[in-house]
Amino acid sequence: MSGEDTGSVEEQQKGMKAPLLPVQDSASHNSNQQVMTLKSFLTLKNLYIILGPLLSLLICLLVKLKDAPASSVKMLAVIAWVFAWWVTEAVPLPVTSLCPLFLFPLFGIGSADSVAHSYMDDVITLVLGSFILALAVERYNVHRRLALNVTLLFCGDPLNPAMLLMGLCATTFFVSMWLHNVAAAVMMMPVATGILQRLPPPSEQSEAVNKFSRAVVLTVVYATPIGGISTLTGTGVNLILIGMWKSLVPGAKPISFSTWFFYGFPVAALLLIAFWCIMCSLYVQKGSARALSAYLEKAHLRRDLEALGPMSFAEKMVLSVFGVLVAVLLFIIPNMKQEGEKLMSWNECKKLPWNLILLLGAGFALADGVQSSGLADVFSRAIDFLEDAPFWAIAPAVSLISSIITEFITSNDATATLIVPLLYHIARTMHVHPLLLMVPGAIATEFAFWLPTSTPSNVVGFATGHIEIKDMLKLGVPLKVAGIVVLSILMPTLGSVVFGTNDGTQWVTQVKAPIRT
C-alpha cells in the first residue's frame with residue numbers, strides 16, 4: 001500500500017470519529033434556545049393578542065361603576081377585549097367577530113344560544129343577497145361592458161376629462177346604492193383600471209395623465225361610500241342603524257326603505273357633487289384633454305365594445321335581477337350556456353366575504369349586550385352635562401367625532417356599533433329625538449377618507465398602486481369637512497321632516513320611562 005493510500009485511510013478513520021454536528025456546551029445551547037424562544041414570543045403581534053384579555057382583566061379588577069350592576073363592568077371588559085383585537089388586528093377579523101359567542105357566557109352576560117341569534121339577523125340576510133349579486137356580475141364580466149359604455153357615454157367629443165370622471169362617479173354611486181360598499185368597490189375597481197389600461201404606464205405618463213389616473217381610482221374609492229349612504233342596503237352602517245333603532249325602541253315607527261331614501265339620497269347627492277368639484281380642482285389640469293385624447297378616442301372604445309359582441313342572456317338576467325335585488329332568482333334562472341346550469345351556483349358563493357357577515361353579527365351581539373348588561377344606562381348618566389347643550393352645536397360635534405374615530409377602526413360597521421347606542425342615550429339625556437343624533441353619527445362613520453386602512457373599500461383602491469396616502473389626505477380632508485357641513489344642515493331641516501323628529505321631548509317620554517332630571 002502506498003503512503004498516499006495509508007494517509008487517505010487514516011483521514012477517513014478520523015473523519016468517521018469526528019461528530020456530524022459542531023459540539024456545543026449543553027448549558028450554552030439551552031441558554032441560546034431560551035433567548036430565541038423569548039424573542040419569538042415577544043413580538044408586537046403577540047403583545048397585541050395579550051392586550052385584549054389584559055385590558056379586560058384590568059377593567060374587571062379596577063373599574064367600579066357607581067349604582068350599576070356588576071354585569072355592566074363585565075360588558076365593558078368584553079367591549080375592550082373585542083375592540084382591542086379589532087383595532088390592532090392581532091387576530092383575524094372574522095375570528096375576533098366570533099369572540100362574543102364565548103365571552104358572553106364566560107363573563108355571565110348571556111348564553112351562547114342568545115348570542116348566536118345575532119349572527120343571523122334579518123338585516124344580515126340583506127347583506128348576503130348583495131354580495132351574491134356582486135359575484136354574479138363578476139362571473140359574467142358585466143363590469144367590463146359597463147366600463148366601455150361609461151367611457152363612451154361621458155368622455156365627450158372632444159374629450160372632456162371632468163365629465164368622464166363625473167360619469168364614473170355616477171355609475172359607481174348607482175352601483176353602491178344597491179350593493180354593500182366593499183362589494184361595489186370590488187366590482188367597480190376593474191371598471192376604473194379598465195380605463196387606465198388604455199393609458200401608458202405610470203413611468204411614461206405626463207403630469208396631466210398621471211393626475212387623471214389617480215383621479216380615476218379615487219373616484220371609485222370615494223364614490224362607493226357616498227353612494228352607499230343613499231339606501232338602506234348600500235352599507236352595513238345603515239343596516240346597523242335601523243337594526244339598533246328597532247332593538248332600542250321596539251314601539252317606535254320603523255325606518256322603511258323609502259323613508260331612508262328620501263333623506264339619504266339628497267345627502268349623498270350633495271356630497272357627490274362636492275366630491276367631484278374638489279377632485280376636479282385638484283386632479284384635472286388645463287390641457288389634460290389634449291394629453292388624454294390620444295388614448296381615449298371614441299373609435300377605439302367602440303371597437304373594443306363591438307368585440308364583446310351582443311349582450312348574452314346571462315348578462316341581461318344578472319342586470320335585471322340586480323335591479324330588483326332578488327338574489328334568489330340567480331339560483332333558479334338558467335344561463336342558457338350549458339344545459340341545466342343556472343346563473344349562479346353555490347360553489348361561486350364560496351367567495352362570499354364571510355368575515356364581514358360575522359362582523360355584522362358581532363356588532364349586533366355587542367349592541368344587545370350593552371343594553372342587557374345595564375352599561376347603556378351607565379353611559380347615559382355619564383353624559384348628563386350635555387343636557388343643556390344646543391343641538392346646533394352637538395350635531396356637527398357628533399359628526400366630527402364619528403368621522404375621526406372611524407379613521408382608526410378598520411370597520412365602519414364596528415365604529416357604528418360602538419357609537420350609535422351611545423348617541424341614543426345622549427339624545428335621551430338632552431330630551432331630543434334620538435334620530436337627530438343617531439342618523440348623522442352613523443352616516444359620519446362612512447367618512448373614512450384619510451387612510452388606506454380606514455375601511456376595506458379604501459384598501460381596494462390603494463391595492464391598485466395608482467394612489468398614495470398623500471392623495472387620500474389631500475382629497476379626504478376637504479371632503480370630510482364637506483360631509484360634516486351637509487349633515488349638520490340637512491339633519492335638523494330635511495331630517496326633521498322625513499323622520500318626524502320635531503316632537504322630540506314628547507316622543508322620548510312617551511316611548512320610554514321618564515328621564516331622570
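Residues numbered from 1 in each chain as written. Predicted model: local features only at pLDDT ≥ 70, side-chain atom pairs only at ≥ 80, totals over all residues. Heavy atoms only, no water.

Draft legend 1. Looking closely at empty space enclosed by the protein. Using the criterion set out here, one finds two cavities of 30 Å³ or more in the structure. Each pocket or cavity is described by its volume, and for the second largest cavity that value is around 80 Å³. I79, V370, T417, L418 and P421 are, among the 10 residues lining the second largest cavity, the residues nearest its centre. At the level of elements, α4 (70-88), α18 (354-372) and α21 (412-430) are the ones that each hand at least two residues to the lining of the second largest cavity. For the lining of the second largest cavity, a count of residues per class yields nine nonpolar, one polar and no charged. (1 Å grid on protein atoms, 1.4 Å probe; cavity = no way out; pocket = protein on both sides within 12 Å on 5 of 7 lines; lining within 4 Å. Points joined across faces, edges and corners; volume = space filled by probe spheres on them. Helix = DSSP H or I, 4+ residues; strand = E, 2+ residues; numbered from the N terminus. Nonpolar A, V, L, I, M, F, W, Y, C, P; charged D, E, K, R; others polar.)

Draft legend 2. Quick peek at helix α3 (residues 44-62). Here α3 spans 25 Å end to end across 19 residues, near enough to the 27 Å set by a 1.5 Å rise per residue. Most pronounced at L51, the bend in α3 amounts to some 30°, and the proline P53 follows within four residues. Looking at α3, one finds that the buried residues are G52, S56 and I59. In this structure, the buried side of α3 is in contact with α4 and α6 (100-107). (Expected span 1.5 Å × (residues − 1). Bend = angle between axes of the 7 residues up to and from the residue. Buried < 20%, exposed > 50% of the residue type's maximum accessible area, 1.4 Å probe, protein only. Contact = heavy atoms within 4.5 Å.)

Draft legend 3. Here's a closer look at the environment of A162. One can find A162 in helix α10 (residues 161-178). For A162, a relative accessible area of 18% gives the class buried. Measuring from C-alpha to C-alpha, the distance between A162 and Y283 comes to 9.4 Å, with 121 residues separating the pair along the chain. If we ignore the near neighbours within four places in the chain, the residues touching A162 are W276 and C280.

Draft legend 4. Spotlight on the packing of helix α12 (residues 207-228) against helix α24 (residues 469-498). Where α12 contacts α24, the axes come no closer than 11 Å and their chain directions differ by 50°. With respect to each other, α12 and α24 are oriented oblique. Taken as a pair, α12 and α24 cross one another with a handedness that is right-handed. Of α24, the residues touching α12 (which contributes R214, L218, V221 and Y222) are D471, M472, L475, G476 and L479. (Axes fitted to C-alpha atoms, helices over the stretch in contact; angles between N-to-C directions. Parallel < 35°, antiparallel > 145°, perpendicular 65-115°, else oblique. Left-handed = near helix turned anticlockwise from the far one by under 90°.)

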